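What follows is the residue order along each chain.
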Amino acid sequence: MKQTTVNAIRILSAEAIQKANSGHPGLPLGAAPIAYELFQNHLKFNGKNPKWDNRDRFILSAGHGSMLLYSLLYLYGYGLTQEDLQSFRQLGAKTPGHPEYGHTAGVETTTGPLGQGIANAVGFAVAEAHLAATFNRKNFPVVDHYTYALCGDGCLEEGISYEACSFAGAHKLGKLIVLYDDNEITIEGDTSVTFHEDVKGRFEAQNWQVLTVDLVAHPDDTAKIGKAIEAAKKVTDKPSLIICKTKIGYGSPLEGTSKCHGAPLGAENLQKTKEKLGWTEAPFEVPQGVFEHTAQACERGAAREEEWEKLFAAYEAAYPELAAAYRKRMSGEKPDFEKIEGLLDFDKPMATRQTSAAVLNKLAAVMPSFMGGSADLAPSNLSNMKDTESVSYGDFSADNHAGRNLHFGIREHAMAAIANGMQLHGGIQAYCSTFFIFSDYCKHAMRLSALMNIPVVYILTHDSIGVGEDGPTHEPVEQLIALRTIPNMKVYRPADGKETAAAWISALSGTSPTALVLTRQNLPQYAGSGLNALKGGYVLDDCEGTPDVLLLATGSEVEQCVGAKAELAKDGIRARVVSMPCFEEFEKQSAEYKESVLPSAVKARVCVEAGSPYSWYKYAGEQGEIIGMSTFGASAPAAQLFKKFGFTVENVVEKAKKVLGK
């Protein structure tokens, strides 16, 4: 029944793609034996409880081959139906074009952008290693599972995979096993055109164990794959790569060509494929014997979960405090942030990167799940958790998987995707950090954080032309609007310490990702700021009566607006200063609240932000003025740059008078 099950995976995938008239049949046809061997004989899972803590994680990094995963989920008891397969790529189906986390039971992460899945897998392995080091005790391996990823040539061509795999090897993530579907074909044809390196040598140089399985001559020799997986498990101080030599589109007339990569086989070729594989079932029908065969793996998985529950009960009896802490971690329980002593106490001018560091460390002391780090910029990002007399955080390293401070290295692409994997695993509240300008390197993983609705926190410092002497290469101009355009992403640019604390509370209280955009230079602390920043925008400094003009700003430019308000008052002009640290949260407020902050009758408005002006037109209105950056910055001391580009009290006053016609 093994061969029939392998062919069932192939044919179900090809049929669904043909019915949808869209999809990628090549990978499922070629990689079906790899996936079958993993699910049938090695993967620890329970389809009836796909969120079981100690399950193995399987990630289809080559997400375009999504029908391979859906066929597996159908056959191995995750609740997908024949109708779901027939609805592949249709509106509202549980079987979208690429796997989507939170949409289909059994999908561990959203994949499709090549290489992201491998980096996510590294994050899953980080989380497993950390939780195992934290909670396991002799005879009680309550955290003990593997992370498997199936990738293709395209994943390994993407630079993110090199970064992520280098990190994994350096940190000796021995519970990570990557299965490489090496079929030597991409959309444009044979990989000999673009991909020549010695993959085995590359991974060995990155401290990976590398095994090779040749399936070209004997495509369905699943025993070879099983032996390689068992060999991978025996090496505990290195991640493992299993290179599986396959034929794309195996069994079809298009076998071995790029023609079967990203298009249906066609009705005639599908029929010929069925004939070659000896498949005589009606469309989307599978012999009952296949379900009886896969049920054996499902039953073993359910039994293993029962065994784990018994183990955990004994663990709970022996280590009640640890068990309680574990349950809290895996449930995602958060503290009452507003009761944390001193969280909003700031009494002198500080850069918001400094106020963020103070808040981060107060949070870390009461949130054991807090784990993260920087892309080699921690001394500048101020993103490390600092040891105290009562708690030691330590550095996550090859020799200390219990450490909570991560050193990602100069790997921004992989860093954000690794953080996604850590967050998805459970038991970890992940954050990562770099200079704001380098958020461009992180952006695709940030977009996926938002798409998956997971609360990864991005600490992005050195937020504007305030970077100064480093010049335009390091001065963010267009990055704010770029992040604000990502659906479901909160972007906070706080003006002082209390707003920074509110931004952190917002980030950790919700389910969506948050970007904290922070200054290098010192900013004043404002008496009127505070938890109102949770609303995204609020009146920071008001006037008596109805204002003549509204002065709106974020971050460091709030200071110029506060100064301008005082100057305008000398001329009898009533100004209201509105701090707008988070547009996304402000837009969630009621119409009544927004009207109370930004009265529609007050048309005279000046919006100030040291970034692209395009975010502001909605709030400026037809008569308002925007002081922003429509060019790149320059290399000079920050004070000179703010003056050069018009971020001064004098210019805000001038623009206010202009919109008032004075």
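The rules behind these values
- Residues numbered from 1 in each chain as written.
- Predicted model: local features only at pLDDT ≥ 70, side-chain atom pairs only at ≥ 80, totals over all residues.
- Heavy atoms only, no water.
- Pairing = 2+ DSSP bridges.
- Helix = DSSP H or I, 4+ residues; strand = E, 2+ residues; numbered from the N terminus.
- Axes fitted to C-alpha atoms, helices over the stretch in contact; angles between N-to-C directions.
- Buried < 20%, exposed > 50% of the residue type's maximum accessible area, 1.4 Å probe, protein only.
- Right-handed = clockwise from strand over helix to strand, strands pointing away.
- Parallel < 35°, antiparallel > 145°, perpendicular 65-115°, else oblique.
- Contact = heavy atoms within 4.5 Å.

Draft legend 1. Expanded view of the sheet that holds strand 2 (residues 147-152). Taken together, the five strands give an open sheet; going across it, the order is 1-2-3-7-6, and neighbouring strands pair in parallel fashion. Edge positions in the sheet fall to strand 1 (57-60) and strand 6 (209-214), since each has one partner strand and no second. Taking the axes of each pair of neighbouring strands and ignoring which way they run, one obtains an average angle of 20 degrees across the sheet. By the bridge criterion, six bridges tie strand 6 to strand 7 (residues 240-245) in an arrangement that is parallel. Bridging across to strand 7, Val210 finds its partner in Leu241.

Draft legend 2. Just the pairing of strand 15 (residues 549-553), in detail. Most of strand 15 sits out of view: five of its five residues are buried. Sheet topology note: the strand 15/strand 16 (residues 575-579) ladder contains five bridges and is parallel. Within the sheet, the bridge partner assigned to Ala553 lies in strand 16 and is Ser579. The parallel pair strand 15 and strand 16 is bridged by helix 19 (residues 558-570), and the resulting crossover is right-handed. Bridge count between strand 15 and strand 17 (residues 605-608): four bridges; the pairing is parallel. Residue Ala553 lies in a different strand from strand 17, and its bridge partner there is Val608.

Draft legend 3. Inspection of unusual backbone geometry at higher detail. Of note in the backbone geometry, Phe284 takes a positive phi value of approximately 65 degrees without being a glycine. With a phi angle near 65 degrees, Asp376 is a residue other than glycine that sits in the positive phi range.

Draft legend 4. Region of the structure containing the packing of helix 15 (residues 412-425) against helix 16 (residues 439-452). Relative to each other, helix 15 and helix 16 sit at 20 degrees, their axes nearing to 6 Å. By the angle between their axes, helix 15 is roughly parallel relative to helix 16. Each of Glu412, His413, Met415, Ala416, Ala417, Asn420 and Leu424 in helix 15 lies in contact with helix 16, whose residues at this interface are Tyr441, Cys442, Ala445, Leu448, Ser449 and Met452.

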